[in-house]
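Chain by chain, the residues:
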Amino acid sequence: RHLDDETERRTIMDAAVRVMARNGYGQMAVGDVLAEAQLSTTSFYRHFHSKDALLAAVIRRDGESAQRTLQRAIAVAGGPVAALQAWLDGLLDHFYEPRRAARTALCTSPEVLSALRMNSELMEEMRSILSEPLVKVLRAGHRAGVLRSPKPEADAVSLFALVSSAATSPRGYPRDRKRARAHVLRFAWPALAVSSDAARSVKSSQRSRQPRKEHAS
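My aim in this report is to walk through the structure given alongside it, one point at a time.

Rules used in this analysis
- Think of each chain on its own: its residues are numbered from 1, step by step along the sequence as written.
- With the structure being a predicted model, the display of local features is reserved for residues of pLDDT at least 70 and the display and counting of side-chain atom pairs for 80 or more, all residues being used for whole-chain, interface and lining totals.
- Excluding hydrogens and water, the side-chain figures rest on all heavy atoms present in the structure.
- Every case where a carboxyl oxygen of Asp or Glu lies within 4 Å of a side-chain nitrogen of Lys or Arg is listed as a salt bridge.
- Every helix listed is a DSSP run of H or I at least four residues long, and every strand listed is a run of E at least two residues long, numbered separately from the N terminus.
- Burial here depends on accessible area, computed with a 1.4 Å probe over protein chains only, as a share of the maximum for the residue type. Under 20% is buried, over 50% is exposed, and the range in between is partly exposed.
- Whether two residues touch is decided by their heavy atoms; if any such pair falls within 4.5 Å, the residues are in contact.
- In the analysis that follows, any N or O atom pair within 3.5 Å is treated as a polar contact, provided that within protein one partner can donate a hydrogen and the other can accept it, and provided that, for residues neighboring in sequence, both atoms belong to side chains.
- The rule is short: rings of Phe, Tyr and Trp, with Trp giving its six-membered ring, pair when the centres are within 6.5 Å, and they are stacked under 30 degrees, edge-to-face over 60, tilted in between.
- Our definition puts a charge over a ring when NZ of Lys or CZ of Arg is within 6 Å of the ring centre and also within 35 degrees of the ring normal.
- For helices, the fitted line uses only the C-alpha atoms of the stretch in contact; every axis is such a line through C-alpha atoms, and the angle between N-to-C directions lies from 0 to 180 degrees.
- An angle counts as roughly parallel when it lies under 35 degrees, as roughly antiparallel when it exceeds 145, as roughly perpendicular when it falls between 65 and 115, and as oblique in every other case.
- Crossings are classed by handedness, with left-handed meaning an anticlockwise turn of the near helix from the far one by less than a right angle and right-handed meaning a clockwise turn.

Once that is clear, we can look at the pattern of salt bridges. If charged atoms from side chains of opposite charge come close, those side chains can pair. Scanning all chains against the criterion turns up 12 salt bridges. Within the structure, one salt-bridge network assembled from shared partners comprises Arg18, Arg22 and Glu36.

One can find Leu3 in the segment before helix 1 (5-23). With a relative accessible area of 28%, Leu3 lands in the partly exposed category. The sequence separation of Leu3 and Ser43 amounts to 40 residues, and the corresponding C-alpha distance is 9.6 Å. The contact partners of Leu3, leaving out residues within four places of it in the chain, are Glu8, Thr11 and Leu39.

This next bit is on the environment of Arg9. When you line up the elements, Arg9 lands in helix 1. Given a relative accessible area of 33%, Arg9 falls into the partly exposed group. On a C-alpha basis, the gap between Arg9 and Arg46 in space is 8.7 Å, while along the polypeptide they are 37 residues apart. Residues in contact with Arg9, not counting those within four places in the same chain, are His47, Phe48 and Ala57.

This part is about the side chain of Ser149. The residue Ser149 is located in the loop between helix 8 (120-144) and helix 9 (152-168) in this model. At 2.6 Å, the side chain of Ser149 forms a polar contact with the side chain of Asp155. Setting aside residues no more than four positions away along its own chain, Ser149 makes contact with Leu138, His142, Asp155 and Leu192.

Okay, the packing of aromatic side chains next. Given two aromatic rings, their pairing is described by the distance between the two centres and the angle made by the two planes. Inspection of every chain in the model, using the stated rule, returns two aromatic pairs. Seen from their ring centres, Phe44 and Phe48 are 5.7 Å apart, and the 50 degrees between their planes marks the pair as tilted. Both residues of the pair, Phe44 and Phe48, count as buried. The ring of Tyr25 carries Lys51 above its face, with NZ or CZ at 4.4 Å from the centroid.

This paragraph deals with the packing of helix 5 (residues 80-96) against helix 8. Taken N-terminus to C-terminus, the directions of helix 5 and helix 8 make an angle of 165 degrees; their axes are 9 Å apart at the nearest point. Classified by the angle between their axes, helix 5 and helix 8 sit roughly antiparallel to one another. Of the two possible hands of crossing, helix 5 and helix 8 adopt the one that is left-handed. Across from Pro80, Ala83, Leu84 and Trp87 in helix 5, the residues of helix 8 making contact are Leu130, Ser131, Pro133, Leu134, Val137, Leu138, Ala140 and Gly141.

Right under this line is the structure:
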């Protein structure tokens, strides 16, 4: 097949995701990916120098897509505290919303994590990509005086780690989104000095936007 470079690269990455879903990363061979993509070895090495390089590209693409989703959710939130919760809910989607959770599980399988441990720069990049939208929220909230975050970069990374742990650790709440969210907020609200009035205001605003149920007469 003759494809332009961008389409060819995307086709290989999409094929890799399908093969990983079927076989797992450990059993995925470059030949399997090329057979799935219906492309040649030359096509593969035009874009990637190894299987691990392909994995890194897939994970980076997913991370950038997740970042855009988080940014959109934050953009429509009413103020920094609401934006913080929008970031939290958007990130939790990647652990609990079925389609996104399946993709997250695929990219965080033991085999994948073992490969990524050899690429600490990529792991740090992913933490940065997913926490970066929150940095701006925390900085704005600190300036507005509705929360305390003198070091928003460090706070954002810490909150990302807290969410990830609550959602994935066997000692957390991997099957209970509501409890995972409550657990994060139990630590985040005091740590960021979010006032109870501000938290209540966000909850009230969220309830007012929910559609009312019609009762049969």
